[in-house]
Structures are given as C-alpha cells and as structure tokens.
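Descriptive structure summary
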Amino acid sequence: MPRSVGAAPLGLGEESTAIPANKPARPARGELSGLAEPRRIIAGVLDVAYLEVGPGDGPAVILLHGWPYDVHAFAEVAPLLASAGFRVIIPHLRGFGPTRFRNDATGQQAAIASDVVALMDALLIPSAILAGFDWGARACCVAAREPGRCAALVSVSGYLIGNRAVGALPLLPRAELTWWYQFYFATERGRAGYDANRQAFAKLIWQTASPEWRFDDATFARSAASLVNPDHVAIVIHNYRWRLGLASGEARYDGTERLLETAPTIHVPTITLEGDANRAPHPEPARYASKFVGKYGHQLIGGGFGHNLPQEAPHAFARAIVTAASL
C-alpha cells in the first residue's frame, strides 16, 4: 500500500498483479485496433467523441490525453485495464479529433475539467477513476475537486492546477526556455505559425518532451490526425494565452477559477507518476506532495520514459490505476 503524503518515491507494483510488469522502452505501436469506432454523446457544450472498452458494469476509468497528443496515447493501456475488469472511457478533448462544440467556448482549465464531469453525467457515471497526462492531468486534478465524482486519481507530473497570478511571475532563464511555445502562442505570428504547421509543431514537441522515445511515423500520424479539428488552434491558443493572463475566461467558470487560485488540496486516493526522461516543463514531486492529503504514493518510472507516460510506459501507467483503485 502506498505510504502517506511526503513519503519517498514508491514501488507500486505489488498491489497491481492484474497488470504485467512494464516492458523496457521500445518503439511504440500506439494503434487502437482493438477498439470500436468512436461513440458520440451530447455532454454539456460538446458533442463528445469517445472510445470505450471493457465490461459495462466494471469500475469506470476515464483516461485523458494531453496536447499535442490524442486518444492513441492509451492504445495499450486500455486493453490492459479492460482485461483487469475496468470500464475504460477515452474521450477526445475539446478541440481534438471528432469532438465538436455545440456553442463557442474556451480552453481554460476549468472548462476542460467541466467537460469531464459533463461526460460522466451524460453516461450516467456517478464516480470514476480519473487518469491523465499533460492537459489531461491538469483536468483530472481540477475534476478531483468535484465532491464524490472522483473515486481515485492518477496524474503524471502530479499537481497541475494552474494559478495565473503565480504564472505571471518570471522564472529563471533556463526554466523560461522550456515554455518557449507558450510565449510564441502569445503572438499573432505564433497563432498563424501553429495553424500552418500543426503536424511539424506537434512532432517537435513529442521529440523534445520525450527525447528517448523512438516512435515511428505511423504512430505519430495516427495522433496527428486529431489536430485537424476545426476548433483545435483556437482552443490551444486560448489555453496558453489564458494561463499568461492575456485572454479572458468564461464568466461561468469564474467561481471555480477563484477556488483553484487558492491551490486547494486533493483528498481522493492518488498516485502520481513521473518519467525519468521527461523534458517537458513539470514540477518536482517534493513541491506538490503536500497537496494530496488522502492516501497517496509517487513513483519515478526509470528506463528513458518521457512526457507521454501512458504510451511510452503503458504497463506502469495501467498498474498505477489498478493500485489507485485499491486504496
């Protein structure tokens, strides 16, 4: 059983015997060949496209991808969890793949997290295990604040609830360098450049965030197709401009964002993960451990694994979910 908040990094394998041990780093396949075509459901402001696998009466797990990735990040995680008896749901986030807006909307953290809760409402899921990375981990952390809706949490890079006031403070030059694309997106040149070069931009992020991940062209192409979404550029640009205080959010989320600015603690059972070769911006585990005040464990996954842990280390990610479910 993982120790309480503040413990040293933990081995999380012993409780998760339903999932085989993680394999060494290798070229990724990343194809969701075992899943049916995306289903669709109206959920809040979105017409959500999502994949589902596993028994319908199993414990629900919602897997959330990040930017510039997509549902294929969970291509190997999903069948592992399904074979362990979980009902696995993988939505395309707003601005990705076949998901579409019913009304104009933004890309701020509270909005993406609200999409998760709206999807659960539409699917009549009272409570689910939430697991994600990058934007998905941020949404998971925010959604974990919804009383009773989050049974457990698995978050790559830990506590990612944003605070725009803190984000306005300058960092040391080396740290600022890792956020170069955020500053690029703050300009109209950056918006136009991303729109014109989405796939090249995404491949660069994949390579720099996970320098030891040897993904092939077919693996990248499957996920890059999700960036063709007509809302994609607007959502990405708003997300990063909002973080810097350069774009307004939606009034409906003002109350939630004020709460999030206080850096609230998370009470649900949580496993946080980090790859030893993650070169994307991320906080050190010691900085966020105290934010998880329920049952909690952290694991550093060694072996050259980077930012996209579900796709690079699927067995370790799936085992963490099984462990979190048992806490």
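Relevant structure appears above.
With 5 of its 5 residues buried, strand 4 (residues 87-91) lies for the most part within the structure. Of the two faces of strand 4, the one lined by R87, I89 and P91 and the one lined by V88 and I90 are each fully buried. Sheet analysis places strand 2 (residues 46-53) next to strand 4, joined by 4 bridges and oriented antiparallel. Counterpart to Y50 in the pairing with strand 4 is P91.

What follows is about the environment of I41. Note on placement: I41 falls in strand 1 (residues 39-43). Contact partners of I41, with chain neighbours within four places excluded, come to L46, D47, V48, Y50, L119, A122 and L123.

All chains considered together, the criterion is met by 10 salt bridges. In this structure, R191 engages E188 in a salt bridge whose closest nitrogen and oxygen atoms are separated by 2.8 Å. Of this pair, R191 and E188 both sit in helix 7 (residues 188-196), 3 residues apart, roughly one helical turn. A relative accessible area of 28% means that R191 is categorised as partly exposed. The partner of R198 in a salt bridge is D195, with the nearest N and O atoms 2.8 Å apart.

So, about the packing of aromatic side chains. Each aromatic ring pair is specified by the distance between its two centres and by the angle formed by the two planes. Scanning the entire structure with this criterion turns up 31 aromatic pairs. Where W67 meets Y181, the ring centres are 5.3 Å apart and the plane angle is 45 degrees; that geometry is what we call tilted. One end of the pair, W67, is in the loop between strand 3 (60-64) and helix 1 (77-83); the other, Y181, is in helix 6 (residues 180-185), and 114 residues separate them in sequence. Looking at W67, the relative accessible area reads 1%, which means it is buried. Residue class for Y181 comes out buried when judged on its relative accessible area of 9%.

Conventions adopted
Residues numbered from 1 in each chain as written. Predicted model: local features only at pLDDT ≥ 70, side-chain atom pairs only at ≥ 80, totals over all residues. Heavy atoms only, no water. Buried < 20%, exposed > 50% of the residue type's maximum accessible area, 1.4 Å probe, protein only. Helix = DSSP H or I, 4+ residues; strand = E, 2+ residues; numbered from the N terminus. Pairing = 2+ DSSP bridges. Contact = heavy atoms within 4.5 Å. Salt bridge = Lys/Arg side-chain N within 4 Å of Asp/Glu carboxyl O. Phe/Tyr/Trp six-rings, centres within 6.5 Å; stacked < 30°, edge-to-face > 60°.

Nothing here speaks to function; it is geometry throughout.
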